[in-house]
Amino acid sequence: MAQLDNVFDDVGTGLPIIFLHGFPFNRSMWREQIAFLSANGYRCIAPDLRGLGENVAQTSVCDDRPDHRLKSVPPAGMDDMARDVAGLMDKLQIERAVVCGLSMGCYVAFDFIHLFPARVSALVLCGARAQGPDDAEKKSREAQAQRVLAEGMDLAVESISNLLAANTVNEKAGVVENVRQMALHTDPIGAAAAQRGMAIRRDYSADLENISVPTLIIAGREDGVRKPEDAGFIHTRIKSSRLEVLADAGHLMNMEQAEAFNQAMLDFLTRNVS
Ligand code: MLT
């Protein structure tokens, strides 16, 4: 059963929104959205997904020898994380919610709506990709899993600027530092488990035409990880969707352009969800 006790934020009252963070990050990436939307009449719930942030109980291994660790960290599946979210909703007695994910959080959102369609009132998909991993991606994820287990999180921290728009890197030192700190404080075992989970995720493309809830897709114009074309692919297949592309934003668009992001989300919620 899910071990999400005490590792989620639950702020505000009103229509519930569940925020699912990206990789290798944690629930603190939604700070600005939680502050803004809770002040605008929404209940904002943001868990740390399994193995990440402070939610490290489920993926810990007993034997700390590096050779043992390389082999023994099992995948944290996207569907496992989706079931954790359903468990959290049960615990909070929430039947239905808006589900908002970013990148890895979108894989979890896709599995969530597939497993629990009646529990989603709307979707917000940020930096999303629906297509499944090919062999090259699977290999690269396994190599990265092994590297973080052997060397820690430096690898992820080194590549942070690839996740951000030029404007963020040049003008927003506070955002860059927050992103760096999140990656640095990620448990390598949890990171390896999530990489292995993402490597075995389903291809969600065929699910898209079955999604009929109001859906807001948000892309960063400068996102080099999940390009605006990935968002376009999803937009053409979910009939009830709307696409927003944010300028001067990369993969972590909600942190990089918090004001524009928050406004887009509030407009969408006000018009489509009650
Ligand atoms: C994320 O931001 O969650 C990652 O880029 C997801 C991924 O590696 O596919």
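Quick note: structure is the one above.
Okay, so let's go over this structure. What you are looking at is a predicted structure, and each value in this text was computed from that prediction instead of being measured. (Residues numbered from 1 in each chain as written. Predicted model: local features only at pLDDT ≥ 70, side-chain atom pairs only at ≥ 80, totals over all residues. Heavy atoms only, no water.)

As for the overall build of the protein chain
Then, number 1: If you tally the helices and strands in the protein chain, you get 12 helices and seven strands.
Then, number 2: For a compact globule of 274 residues, the expected C-alpha radius of gyration is about 19 Å, and the protein chain comes in at 17 Å, within 12% of that figure.
Then, number 3: Counting only C-alpha atoms, the protein chain reaches 55 × 45 × 35 Å along its principal axes.
Then, number 4: Taking as baseline every contact in the protein chain between residues at least 6 positions apart, the subset at least 24 positions apart corresponds to 81%.
Then, number 5: For the protein chain, the accessible surface area stands at approximately 11600 Å², while carbon and sulfur atoms represent 49% of it.
Then, number 6: The average position of the 28 basic charges and that of the 37 acidic charges among the side chains of the protein chain differ by 3 Å. (Helix = DSSP H or I, 4+ residues; strand = E, 2+ residues; numbered from the N terminus. Rg over C-alpha atoms; globule rule 2.2 N^0.38 Å. Contact = heavy atoms within 4.5 Å. Areas by Shrake-Rupley, 256 points an atom, 1.4 Å probe, with all protein chains shown as cover. Lys, Arg positive; Asp, Glu negative; His and termini not counted. Charge placed at Lys NZ, Arg CZ, Asp CG, Glu CD.)

Here's the deal with unusual backbone geometry
Then, number 1: Of note, the amide linkage connecting Phe-23 to Pro-24 takes the cis form, showing an omega dihedral of 0 degrees.
Then, number 2: Its identity as a non-glycine residue notwithstanding, Ser-103 has a phi of 55 degrees, on the positive side.
Then, number 3: Among the secondary structure elements, Ser-103 is positioned in the loop between β4 (97-102) and α4 (104-115).
Then, number 4: Residue classification places Ser-103 among the buried positions, given a relative accessible area of 8%.
Then, number 5: A positive phi angle, close to 55 degrees, is found at Asp-248, a residue other than glycine. (Buried < 20%, exposed > 50% of the residue type's maximum accessible area, 1.4 Å probe, protein only.)

Observations concerning the pairing of strand β2 (residues 15-20)
Then, number 1: Summarising burial for β2: five of the six residues are buried, a large majority.
Then, number 2: Note: β2 against strand β3 (residues 42-47), four bridges, orientation parallel. By the bridge assignment, Ile-18 is partnered in β3 with Ile-45.
Then, number 3: Assessed by its sense of winding, the connection that carries the chain from β2 through helix α1 (residues 31-38) to β3 is right-handed.
Then, number 4: Of the strand pairs in this sheet, β2 and β4 are connected by four bridges, and their pairing is parallel. Among the inter-strand pairings, Phe-19 is bridged to a residue of β4, identified as Cys-100. (Pairing = 2+ DSSP bridges. Right-handed = clockwise from strand over helix to strand, strands pointing away.)

Considerations on the pairing of β3
Then, number 1: Taking burial as the measure, the six residues of β3 include five buried ones, the bulk of the element.
Then, number 2: Alignment of strand β1 (residues 8-11) against β3, held across four bridges, turns out to be antiparallel. Residue pairing across strands places Asp-10 opposite Ile-45, the latter belonging to β3.

Concerning α4
Then, number 1: With 12 residues, α4 ought to run about 16 Å at 1.5 Å a step, and its terminal C-alpha atoms sit 17 Å apart, in line with that.
Then, number 2: Taking burial as the measure, the 12 residues of α4 include 10 buried ones, the bulk of the element.
Then, number 3: Met-104, Gly-105, Cys-106, Tyr-107, Val-108, Ala-109, Phe-110, Asp-111, Phe-112 and Ile-113 are the residues of α4 that are buried. (Expected span 1.5 Å × (residues − 1).)

Some thoughts on the sheet that holds strand β5 (residues 120-126)
Then, number 1: On the basis of which strands lie adjacent, the open sheet formed by seven strands has the order β1-β3-β2-β4-β5-β6-β7 and mixed pairing. Looking at strand neighbours, the two that pair on one side only are β1 and β7 (241-246), the edges of this open sheet. Taking the axes of each pair of neighbouring strands and ignoring which way they run, one obtains an average angle of 15 degrees across the sheet.
Then, number 2: Sitting on the sheet, α1 is in contact with β1, β2 and β3, with an inclination near 160 degrees to β3. (Axes fitted to C-alpha atoms, helices over the stretch in contact; angles between N-to-C directions.)

Points about the packing of helix α5 (residues 135-151) against helix α9 (residues 188-199)
Then, number 1: Packing of α5 against α9 leaves a shortest axis separation of 8 Å and a crossing angle of 170 degrees. Here α9 runs roughly antiparallel to α5, going by the angle between their axes. Only Pro-188, Ile-189, Ala-191, Ala-192, Gln-195, Arg-196, Met-198 and Ala-199 of α9 make contact with α5, whose side of the interface consists of Lys-138, Arg-141, Glu-142, Gln-144, Ala-145, Gln-146, Val-148 and Leu-149.
Then, number 2: Tallied by class, residues from the contact of α5 with α9 come to nine nonpolar, three polar and four charged. (Parallel < 35°, antiparallel > 145°, perpendicular 65-115°, else oblique. Nonpolar A, V, L, I, M, F, W, Y, C, P; charged D, E, K, R; others polar.)

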